[in-house]
Amino acid sequence: MRLAPLLTGAAVTALLAAGGIAYAVTQDDGSGTTLSVPAADSADAGFARDMAVHHQQAVEMSYIVRDRTDDEEVRRLAYDIAQTQANQRGMLIGWLDLWGLPKVSSQAPMTWMGMGDMAEAKDGSLMPGMATNTELDKLRSLSGKQAEVFFLQLMTDHHKGGVHMAQGCVSKCTVEVEKRLAQGMVAAQESEIGLMADMLKARGAAARP
């Protein structure tokens, strides 16, 4: 009798996401009492909203560069980033749905981190590390090595901003499964920052100061 094929990585991620969402809503404190869901202005909700937006831009940049280069190393990295961050974005939005909280807030981005009064976002860059609309247009206009280098520089900045936000959730969030997801983001994105530094060096370039 043939065994069923192993689940693909995407399928496993989807199952884990579903389990994580359910756990995030039904976790208890060990006494059998279900904990209340986070408040709309909590760090848990703020991180979920803001990181969903942050991740969406990373997915967008990844798909742009896959159309602008034939380099398999860059295309593979872009694919991995797009798939990982799209899955995580789905988890974050799913939590907001199950918590019954709005996906958009009247508060400024990063308010949950005490940074709501930071300089007004300009040209589409809403949070730390996010590319501007002008930068995204430039990425779309480049090809080959130039596109690879600019993508790696933009994504390095993007990851640095994402790590800062995820560290904020690790410190401030109260939903344990969300804190663990944030800690995983820190580890994975710091690792990719190192990888991208090597890829930039191989192309005679470096991260932006």
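Basis of the calculations
- Residues numbered from 1 in each chain as written.
- Predicted model: local features only at pLDDT ≥ 70, side-chain atom pairs only at ≥ 80, totals over all residues.
- Heavy atoms only, no water.
- Salt bridge = Lys/Arg side-chain N within 4 Å of Asp/Glu carboxyl O.
- Helix = DSSP H or I, 4+ residues; strand = E, 2+ residues; numbered from the N terminus.
- Buried < 20%, exposed > 50% of the residue type's maximum accessible area, 1.4 Å probe, protein only.
- Axes fitted to C-alpha atoms, helices over the stretch in contact; angles between N-to-C directions.
- Parallel < 35°, antiparallel > 145°, perpendicular 65-115°, else oblique.
- Left-handed = near helix turned anticlockwise from the far one by under 90°.
- Nonpolar A, V, L, I, M, F, W, Y, C, P; charged D, E, K, R; others polar.
- Phe/Tyr/Trp six-rings, centres within 6.5 Å; stacked < 30°, edge-to-face > 60°.
- Lys NZ or Arg CZ within 6 Å of the ring centre and 35° of its normal.

Enquirer: I tried to follow the pattern of salt bridges on my own but got confused; where do I start?
Expert: Pairs can form between side chains of opposite charge once their charged atoms are near each other. Per the counting criterion, the structure on display carries nine salt bridges. Of the charged contacts, one joins Arg203 and Asp71 as a salt bridge, the two residues approaching to 3.1 Å between their closest N and O atoms. Here the residue Arg203 occupies a position in the segment after helix H6 (176-202), and Asp71 occupies one in the loop between helix H2 (43-66) and helix H3 (72-99), the gap between them amounting to 132 residues. According to the relative accessible area criterion, Arg203 is buried, its value standing at 10%. One salt bridge connects Asp137 with Arg140, and the closest N-O pair in it is separated by 2.9 Å. Of this pair, Asp137 and Arg140 both sit in helix H4 (residues 133-141), three residues apart, which is roughly one turn of that helix. Overall, Asp137 belongs to the partly exposed group, its relative accessible area being 47%.

Enquirer: Sorry, what's going on with the packing of helix H5 (residues 144-172) against H6 here?
Expert: The relative placement of two packed helices comes down to the angle between their axes together with the axis-to-axis distance. In contact at an axis separation of 8 Å, H5 and H6 are set at 155° when each is read in the N-to-C sense. Taken together, H5 and H6 sit at an angle that is classed as roughly antiparallel. Relative to H6, H5 is oriented so that their crossing is left-handed. Each residue belonging to the contact of H5 with H6 can be placed in one class, and the counts come to 14 nonpolar, seven polar and five charged.

Enquirer: Can you walk me through the packing of aromatic side chains in this structure?
Expert: Given two aromatic rings, one states the distance between the centres and the angle between the planes to describe the pair. Taken as a whole and assessed by the stated rule, the structure comprises two aromatic pairs. With centroids separated by 5.6 Å and ring planes inclined at 75°, the aromatic side chains of Phe47 and Trp112 adopt a geometry described as edge-to-face. Of this pair, Phe47 sits in helix H2 while Trp112 sits in the loop between H3 and H4, and the two are 65 residues apart along the sequence. By relative accessible area, which is 0% here, Phe47 ends up buried. Across the ring face of Phe150, the terminal group of Lys138 is positioned such that the distance to the ring centre comes to 4.5 Å.

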